[in-house]
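Chain by chain, the residues run as shown.
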Amino acid sequence: MMAKNRVKRKKSVVGDWMVEGVLAVETFDSINIARQLMAKHRINQLPVIEDDKVVGIVTDRDVRDAYPTSMAINRGEAIDRFADTIAVEEVMTHDVFMVQPETSLRTAVELLRKHRIGSLPVVKKQTLV
């Protein structure tokens, strides 16, 4: 019987695939700031930080849902003033799933699929990396 040659593969981890230098907002930033950042950079979610620690995530849906439901045409300035008065902390998701750079890629993908979420902040001791 011949022994099969086994190639040992390196386990794929989040750190091999993550994006560094991620944009984030702080809890006290307005939803208008979050909306502008997401639109400018064509992204759908932003980690929320406080004292350099990840404390939540805000999505484009969170921001959209916070705006008044009856937006009248030609009321853009009033709507923007309203958006400047609502802090990200008021609309963000507080219990956010996070992973570490050493987390297996398989585990991260399973979290994304199971919880139907679009991103996972990558942290070391709650600090965004």
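As a reminder, the structure under discussion sits directly above these lines.
Residues numbered from 1 in each chain as written. Predicted model: local features only at pLDDT ≥ 70, side-chain atom pairs only at ≥ 80, totals over all residues. Heavy atoms only, no water.

Trainee: Lay out the side chain of Ser104 in plain terms, naming residues and giving numbers.
Mentor: Tracing the sequence through the fold places Ser104 in the loop between helix H4 (88-91) and helix H5 (105-115). For Ser104, a relative accessible area of 11% puts it in the buried group. Filtering out sequence-adjacent residues up to four positions away, Ser104 remains in contact with Lys11, Ser12, Val13 and Val14. (Helix = DSSP H or I, 4+ residues; strand = E, 2+ residues; numbered from the N terminus. Buried < 20%, exposed > 50% of the residue type's maximum accessible area, 1.4 Å probe, protein only. Contact = heavy atoms within 4.5 Å.)

Trainee: Go over the sheet that holds strand S3 (residues 53-59) with me, naming the residues and quoting the values.
Mentor: If you trace the three strands from one edge of the open sheet to the other, you get S1-S2-S3, paired in mixed fashion. At either margin of the open sheet sits one strand with a lone partner, and together these are strand S1 (25-26) and S3. Where strand S2 (residues 45-50) and S3 come together, six bridges link them in antiparallel fashion. Residue pairing for S3: Ile49 is matched across the bridge by Val54. Strands S1, S2 and S3 of the sheet are contacted by helix H1 (residues 31-41), whose axis makes an angle of about 135° with S2. (Pairing = 2+ DSSP bridges. Axes fitted to C-alpha atoms, helices over the stretch in contact; angles between N-to-C directions.)

Trainee: Describe the nonpolar core, naming the residues involved and giving the relevant values.
Mentor: Core analysis: the biggest nonpolar cluster contains 16 residues, and Val25, Ile31, Ala34, Val58, Val63 and Val88 have the highest contact counts within it. Mapped by element, the contributors of at least two residues to this core are H1, S2, helix H2 (60-66), helix H3 (76-84) and H4. Per-element accounting of this core gives the leading share, three residues, to H1. Residues contacting Val25, with those up to four places away along its chain left out, are Ala34, Leu37, Leu46, Pro47, Val48, Ile49, Val58 and Val88. Core analysis: the second largest hydrophobic core is formed by six residues, Val14, Ala108, Leu120 and Val122 among them. (Core = buried A, V, L, I, M, F, W, Y, C linked by side-chain atoms within 4.5 Å.)

Trainee: Summarise the pairing of S2; cite the residues concerned and give the values.
Mentor: Inspection of the sheet shows S1 paired to S2 by two bridges, in the parallel sense. Following the sheet pairing, Val25 is matched in S2 by Val48. Once S2 ends, the chain turns through two residues before running back antiparallel as S3, passing Asp51 with a positive phi of about 50°.

Trainee: Residue-level account of unusual backbone geometry, with values.
Mentor: Of note in the backbone geometry, Arg42 takes a positive phi value of approximately 55° without being a glycine. Along the chain, Arg42 turns up in the loop between H1 and S2. Residue class for Arg42 comes out exposed when judged on its relative accessible area of 77%. A positive phi is found at Asp51, a non-glycine position, where the angle reads about 50°.

Trainee: Give me the lowdown on H1, citing residues and values where you can.
Mentor: Looking only at H1, the buried set comprises Ile31, Asn32, Ala34 and Met38. Angular distribution of buried residues about the axis of H1 spans 160°; they occupy a single face of the element. Directly beyond the C-terminal end of H1, a positive phi value near 55° is found at Arg42. (Arc of directions from axis to C-beta.)

Trainee: Please provide a residue-by-residue account of the pattern of salt bridges, values included.
Mentor: One pass over the structure, following the stated rule, counts one salt bridge. Arg64 is the salt-bridge partner of Asp60, the closest N and O atoms lying 3.5 Å from each other. Highlighted residues: Asp60 and Arg64, both in helix H2, separated by four residues, approximately one helical turn. (Salt bridge = Lys/Arg side-chain N within 4 Å of Asp/Glu carboxyl O.)

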